[in-house]
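A look at the structure
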Amino acid sequence: MPIHVAITRHVRPGCEAEFQRGLREFFQASFSHGGVWGALMLTPPPGSGSREYGILRTFANAKERDAFYASPLFEAWDERARALTEGAPEYRQLHGLEAWFRAPNGPPPRW
């Protein structure tokens, strides 16, 4: 059964373009991991002043998800991303439509 994960990262001021470029490169490389089925970047709405980026990932199953997050490829990206972001990333496994509308901390970001 596919696993869907939503990740939220807050990008440091002035690092937005570098973060987006790096994330696109990482997305391309991540498809070499056979269990990665999808990846999508969600950018802040234009003019919002937000620096909160969303990442949606789909994996074949929980075993593939865990292997991906333990891989050297992900560890290298995470190290690079930490230099471009503030705070720890937030990970949330999605379970159908209720995941979008019933978050424990209120509504999801506008993206």
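Scope of this entry: the structure provided in the associated data block. (Residues numbered from 1 in each chain as written. Predicted model: local features only at pLDDT ≥ 70, side-chain atom pairs only at ≥ 80, totals over all residues. Heavy atoms only, no water.)

Focus: the overall build of the protein chain
The cut-off we apply is this: Per the convention used, a helix needs a DSSP run of H or I reaching at least four residues, while a strand needs a run of E reaching at least two, with both numbered from the N terminus. Burial classes: relative accessible area under 20% of the type maximum marks a residue as buried, over 50% as exposed, and values in between as partly exposed (1.4 Å probe, protein chains only). Here, Shrake-Rupley sampling with a 1.4 Å probe gives the accessible areas, and only protein chains in the shown set may cover a residue.
Counting its regular elements, the protein chain contains 4 helices and 4 strands. Starting at the N terminus, the α and β elements of the protein chain follow one another as β-α-β-β-α-α-β-α. Out of the 111 residues in the protein chain, the part that is buried amounts to 39%. Carbon and sulfur atoms form 55% of the exposed surface of the protein chain, whose accessible area is close to 6,700 Å².

Quick notes on empty space enclosed by the protein
How we decide: Using only the protein atoms, space was sampled on a 1 Å grid; points where a 1.4 Å probe fits but cannot get out form cavities, open sets with protein on both sides within 12 Å along at least five of seven lines form pockets, and lining residues are those with an atom within 4 Å of a point. Grid points are joined across faces, edges and corners, and a volume is the space filled by probe spheres set on the points. Amino acids outside the nonpolar list (Ala, Val, Leu, Ile, Met, Phe, Trp, Tyr, Cys, Pro) and the charged list (Asp, Glu, Lys, Arg) are all regarded as polar, and Gly is one of them.
In total, this model carries 1 cavity of 30 Å³ or more according to the counting rule given. Along the walls of the largest cavity sit Ile7, Arg9, Leu23, Phe26, Ile55, Arg57, Tyr69, Phe74, Trp77 and Tyr91, which together make up its complete lining. The set of elements that each furnish at least two residues to the lining of the largest cavity consists of strand 1 (3-11), helix 1 (16-30), strand 3 (52-59) and helix 3 (72-84). By residue class, the composition of the lining of the largest cavity is 8 nonpolar, no polar and 2 charged.

Observations concerning the nonpolar core
Defined as follows: Here, nonpolar core refers to any group of buried Ala, Val, Leu, Ile, Met, Phe, Trp, Tyr and Cys residues whose side-chain atoms link them within 4.5 Å. Should any heavy atoms of two residues lie within 4.5 Å, those residues are considered in contact.
Judged by nonpolar contacts, the single largest core of 20 residues is most densely connected at Phe19, Leu23, Phe26, Phe59, Phe68, Tyr69 and Trp77. Contacts of phenylalanine 68, omitting those with residues within four sequence positions, involve Phe26, Ser30, His33, Val36, Arg57, Phe59, Leu73 and Phe74.

Quick look at the packing of aromatic side chains
Each aromatic ring pair is described using two quantities: the centre-to-centre distance and the angle formed by the ring planes. Here is the rule we go by: Think of it this way: a Phe, Tyr or Trp ring, Trp meaning its six-membered ring, pairs with another when their centres are within 6.5 Å, and the plane angle makes it stacked under 30 degrees, edge-to-face over 60, tilted otherwise.
Summed over all chains, the structure comprises 11 aromatic pairs. Seen in terms of ring centroids, phenylalanine 26 and phenylalanine 68 are 5.9 Å apart; in terms of plane orientation they differ by 35°. Their pairing is tilted. One end of the pair, phenylalanine 26, is in helix 1; the other, phenylalanine 68, is in helix 2 (residues 62-69), and 42 residues separate them in sequence. Phenylalanine 26 gets classed as buried once you look at its relative accessible area, which sits at 7%. For phenylalanine 68, a relative accessible area of 0% puts it in the buried group.

A look at the pattern of salt bridges
The test is simple: One speaks of a salt bridge when a side-chain nitrogen belonging to Lys or Arg is within 4 Å of a carboxyl oxygen belonging to Asp or Glu.
Evaluated as defined, the whole model comprises 5 salt bridges. A salt bridge links arginine 9 to aspartate 78; its shortest N-O distance comes to 3.4 Å. Of the two residues, arginine 9 is situated in strand 1 and aspartate 78 in helix 3; the sequence distance between them amounts to 69 residues. One salt bridge connects arginine 82 with aspartate 78, and the closest N-O pair in it is separated by 2.9 Å. Of this pair, arginine 82 and aspartate 78 are both found in helix 3, 4 residues apart, which corresponds to roughly one turn of the helix. On the basis of relative accessibility, which here comes to 47%, the residue arginine 82 falls in the partly exposed class.

Considerations on the environment of leucine 40
Relative to the helices and strands, leucine 40 is located in strand 2 (residues 36-42). On a C-alpha basis, the gap between leucine 40 and isoleucine 55 in space is 5.6 Å, while along the polypeptide they are 15 residues apart. Leaving out residues up to four positions away in the same chain, leucine 40 has contacts with Phe27, Gly54, Ile55 and Leu56.

Honestly, it's all geometry; don't read function into it.
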